[in-house]
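So the chains spell out like this:
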Amino acid sequence: MSTRNTARFVRYRVLAHPDGAFRASATCLNGPCHFAVFPTENHDEVARRMQEHTASTGHAVFSRTIQDTAAVVLADRAERERRTEANALEYRHLGGAAEDARADARDTE
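Residues numbered from 1 in each chain as written. Predicted model: local features only at pLDDT ≥ 70, side-chain atom pairs only at ≥ 80, totals over all residues. Heavy atoms only, no water.

S.K.: Help me understand the sheet that holds strand β4 (residues 62–67) in this model?
M.R.: The strands making up a sheet associate through hydrogen bonds between their backbones, and the pairing can be parallel or antiparallel. Pairing is antiparallel across the open sheet formed by 3 strands, whose spatial order is β3-β2-β4. Of all the strands in the sheet, just β3 (36–40) and β4 have a single pairing partner and so form its edges. The mean inter-strand angle of the sheet, taken between neighbouring strand axes irrespective of direction, is 15°. Examined bridge by bridge, strand β2 (residues 23–28) and β3 share 3 bridges and lie antiparallel to one another. Pairing of Ala 26 across the sheet is with Val 37, part of β3. (Pairing = 2+ DSSP bridges. Helix = DSSP H or I, 4+ residues; strand = E, 2+ residues; numbered from the N terminus. Axes fitted to C-alpha atoms, helices over the stretch in contact; angles between N-to-C directions.)

S.K.: What exactly am I supposed to notice about the packing of aromatic side chains here?
M.R.: For the coordinates displayed, the defined rule picks out 1 aromatic pair. Arranged with centres 6.1 Å apart and planes meeting at 75°, the rings of Phe 35 and Phe 62 form a pair that is edge-to-face. Here Phe 62 lies in strand β4 and Phe 35 lies in the loop between β2 and β3, a separation of 27 residues in the sequence. (Phe/Tyr/Trp six-rings, centres within 6.5 Å; stacked < 30°, edge-to-face > 60°.)

S.K.: So what exactly am I meant to see when it comes to a nonpolar patch on the surface here?
M.R.: Nonpolar side chains collect at one region of the surface, where Tyr 12, Val 14 and Val 72 lie side by side and expose about 330 Å² of accessible area between them. For Val 72, the location among the structural elements is in strand β5 (residues 70–74). (Patch = residues over 30% accessible without salt bridge, like charges linked within 9 Å, V, L, I, M, F, W, Y side chains within 5 Å. Areas by Shrake-Rupley, 256 points an atom, 1.4 Å probe, with all protein chains shown as cover. Salt bridge = Lys/Arg side-chain N within 4 Å of Asp/Glu carboxyl O.)

S.K.: Sorry if this is basic, but what is going on with the side chain of His 59 here?
M.R.: Relative to the elements of secondary structure, His 59 occurs in the loop between α1 (43–57) and β4. You can call His 59 buried: its relative accessible area is 16%. A distance of 3.2 Å separates polar atoms of two side chains, one belonging to His 59 and the other to His 53. Non-local contacts of His 59, meaning those with residues more than four positions away in its chain, are made with Cys 28, Asn 30, Cys 33, His 53 and Thr 54. (Buried < 20%, exposed > 50% of the residue type's maximum accessible area, 1.4 Å probe, protein only. Polar contact = N/O pair within 3.5 Å; in protein donor to acceptor, adjacent residues only side chain to side chain. Contact = heavy atoms within 4.5 Å.)

Spelled out as structure tokens, the structure:
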């Protein structure tokens, strides 16, 4: 049996993950100040904490970061379906369901 590699261009897309949420954080940029707001989904809380810090210290410049969770997916639907089917065939060929049952049995011991 021979193995043949096919070189071809495959396009991907980067999307926001549906289970992910946008998180915000902030860090004071005033010299030796170590004020920071750790990432949270509550953006209003980040803004409030920055305002309180400015009111108490006079520090008014912050680095603010917005984070999200991303997922990379194949752009071509036919290629996604082909790979899904190939993975399912390989899973069945390798005894996937039987191996899952054995792993579950080991986990409960």
